[in-house]
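Survey of secondary and tertiary structure
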Amino acid sequence: MPELPEIETVRLQLTKVLPGRRVEWVKVLNSKIVEGDLKKIVGLKVEDIRRRAKVLLIDLEKDLTLAFHFKMTGQLVLDYDDQGKTYKDRIVGGHPTEDFVGTLPSAHTRVIFKLDQGTLYFNDQRLFGWVRVGTKASIANEKFLQKLGPEPFEMATEEFAERVSKSRRPIKLVLMDQEVISGLGNIYANDALWEAKINPQTPSNKLTDKQLKLLFSKVKLVLEEGIKYGGATAADAKYIDLRGLGGHYQDHFRVYDQTGLPCHRCKTRIKKDYMSGRGTYYCPKCQS
DNA sequence: TTAAATGTTTAAAT
DNA sequence: CATTTAAACATTTA
């Protein structure tokens, strides 16, 4: 599920309660998604929680780091008081499913981290995600993190323009290319292009300086808004209002998942095509 | 029954 | 070599 804003939302939530907690034990329910020996972190205290692109990083004592990638359906649920078993005692983030509010561990729980206070569950129904453990440096040096392009909020406009305009590929695919700019996925790429009035098929090297500059500002705008609203919880509105958890960016989608609805600018119906197998939403009039 | 889903990797085709 | 598309991963839901 998650893109940069959804992971950032989880990070902000966990930062409130996780630092200082000690790991009592770890139980791996599906070893397929785990790399490294999670036993290494037993007895260690959580020090910091970071994010790089769509990867959540939990730093512990002894210079160790846990790295989580949620891919399409990963989620973290922290039952922070061990009060048990209702959503009232939980922090949830990631792909919204009934696991947020049901009994844990669930059928999709892959790893359980028992803390001195609270329990953290990593759930992932499709098993695309992963959890890795290693020294801070070894995690940072892994191929996946190594290849990532700059963070949108740490990149200069000129750098964005230079990296993006180097490619002849369609701009939407370039925005989603984590080696060019990291953190954008299908929702925010679609929405940023609508904001900038650029057709998703436009070859990146055909964009004018003006368009590149505008696009970069819109990229940051939609990401900021995603973070402001706590990320997107997709169409599963049933999980949104329990505690105000799960995020509300879906109420602010520009074009993503808006097929057939009127464009907010010109009322033309939003169209859906496919690019590289991914749903691509745009206004055929103002993004022509 | 078929299609699609907020992601990434790999192989195969252009 | 650059680029593109499709398939793969595994599961659920419309």
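Provided above is the structure to which this section pertains.
First, a word on what this report is: a plain description of the structure on this page. Along each chain, numbering runs from 1 in the same order as the chain's sequence is written. Numbering of ligands from 1 and lettering of chains from A proceed in the order in which they are written. Per-residue local features are limited, in this predicted model, to residues with pLDDT of at least 70; the limit for side-chain atom pairs, both in listing and counting, is 80 or more; totals at the level of whole chains, interfaces and linings are taken over all residues. As a convention, hydrogens and water are excluded, and side-chain values are obtained from all of the structure's heavy atoms.

1. Re the protein's contact with DNA strand C
With respect to spatial proximity, the complete set of residues near DNA strand C consists of Lys 32, His 108, Gln 125, Arg 126, Leu 127, Phe 128, Arg 168, Arg 169, Pro 170 and Ser 276. By convention in this text, a residue qualifies as near a molecule or strand provided that one of its non-hydrogen atoms is within 4 Å of it. Counting only the atoms of DNA strand C that lie within 4 Å of the protein, the sugar and phosphate share comes to 64%. As used in this structure description, the phrase polar contact means that two N or O atoms lie within 3.5 Å; if the pair is within protein, one of them must be able to donate a hydrogen and the other to accept it, and residues adjacent in sequence are counted only when both atoms belong to side chains. In the model, a base nitrogen of DNA strand C is placed 2.7 Å from a nitrogen or oxygen of the Arg 126 side chain. In this structure, a sugar or linking oxygen belonging to DNA strand C sits 3.3 Å away from a side-chain N or O atom of Arg 168. Following the grouping adopted for this structure description, the nonpolar residues are Ala, Val, Leu, Ile, Met, Phe, Trp, Tyr, Cys and Pro, the charged ones are Asp, Glu, Lys and Arg, and the polar ones are all others, Gly among them. Taken together, the residues of the surface near DNA strand C sort by class into three nonpolar, three polar and four charged.

2. Structural notes on the pattern of salt bridges
Two side chains of opposite charge can pair, provided their charged atoms sit close to one another. Each reported salt bridge corresponds to a side-chain nitrogen of Lys or Arg within 4 Å of a carboxyl oxygen of Asp or Glu. On inspection of all chains with the given rule, the structure shows 18 salt bridges. In this structure, Arg 132 engages Glu 35 in a salt bridge whose closest nitrogen and oxygen atoms are separated by 3.4 Å. Residue Arg 132 is located in strand β10 (residues 130-135), and its partner Glu 35 is located in strand β2 (residues 34-35); the two are separated by 97 residues in the primary sequence. What makes Glu 35 partly exposed here is its relative accessible area of 41%. Each of Glu 8, Arg 11, Arg 51, Arg 52 and Glu 151 takes part in salt bridges that share partners, so that together they form one network. Runs of H or I in DSSP of at least four residues are treated as helices and runs of E of at least two as strands, each being numbered from the N terminus. The buried label applies to any residue whose accessible area, calculated with a 1.4 Å probe on protein chains only, is under 20% of its type's maximum; exposed applies above 50%, and partly exposed to all values in between.

3. With respect to the side chain of Ser 106
Relative to the assigned elements, Ser 106 resides in the loop between β7 (90-94) and β8 (109-115). Within the structure, the side chain of Ser 106 is placed 2.6 Å from the side chain of Asp 99, a separation counted as a polar contact.

4. Topic: helix α4 (residues 157-165)
Those residues of α4 lying buried are Phe 160, Ala 161 and Val 164. Along the axis of α4, the buried residues cluster in a sector spanning 95°; they form a single face. Turned more than 90 degrees away from the buried face of α4 sit Glu 158 and Glu 162, all of them exposed. Only heavy atoms enter the contact rule, under which two residues are in contact if any of them lie within 4.5 Å. On its buried face, α4 is in contact with α5 (171-175) and α7 (209-228). The arc in question is the one spanned by the directions pointing from the helix axis to the C-beta atoms.

5. Quick notes on the side chain of Glu 8
In this structure, Glu 8 sits in helix α1 (residues 4-17). Under the relative-accessibility criterion, Glu 8 is labelled buried at 11%. Side chain to side chain, Glu 8 and Arg 51 meet in a polar contact 2.7 Å long. Setting aside chain neighbours within four positions, we find Glu 8 in contact with Arg 51 and Ile 227.

6. With respect to the sheet that holds strand β1 (residues 23-28)
Within the open sheet, the five strands sit side by side as β1-β8-β9-β6-β7. Their pairing is antiparallel. Where the open sheet ends on each side, the last strands, each with one partner, are β1 and β7. When strand polarity is set aside, the average angle formed by the axes of neighbouring strands in this sheet is 15°. Looking at chain direction, strand β6 (residues 74-79) and β7 are connected through five bridges and run antiparallel. Across the sheet, Asp 79 pairs through a bridge with Arg 90, a residue of β7. For two strands to be treated as a pair, DSSP must find at least two bridges joining them. All axes here are fitted lines through C-alpha atoms, helices being fitted over the stretch that makes contact, and every angle between N-to-C directions spans 0 to 180 degrees.

7. Overview of the environment of Asp 37
Mapped onto the elements of the fold, Asp 37 is located in the loop between β2 and β3 (46-52). It is 8.4 Å that separates the C-alpha atoms of Asp 37 and Arg 132, two residues lying 95 residues apart in sequence. Within the structure, the side chain of Asp 37 is placed 3.0 Å from the backbone nitrogen of Lys 39, a separation counted as a polar contact.

8. Some thoughts on the pairing of strand β4 (residues 55-60)
Across a regular strand the side chains alternate sides, sitting on one face of the sheet and then on the other. For β4, the buried fraction is high: six of the six residues fall into the buried class. Side chains Val 55, Leu 57 and Asp 59 of β4 all project onto a buried face; the interleaved residues Leu 56, Ile 58 and Leu 60 project onto the opposite face, where all are buried too. By the bridge criterion, six bridges tie β3 to β4 in an arrangement that is antiparallel. The residue of β4 that forms the bridge with Arg 51 is Leu 56. Here β3 folds back onto β4 in antiparallel fashion, the turn holding two residues, of which Ala 53 has a positive phi close to 55°. Bridge count between β4 and strand β5 (residues 64-69): five bridges; the pairing is antiparallel. For Ile 58, the partnering residue across the bridge sits in β5 and is Leu 66. Counted between consecutive antiparallel strands, the loop separating β4 from β5 contains three residues, among which Lys 62 sits at a positive phi close to 60°.

Read these as spatial facts, not as claims about activity.
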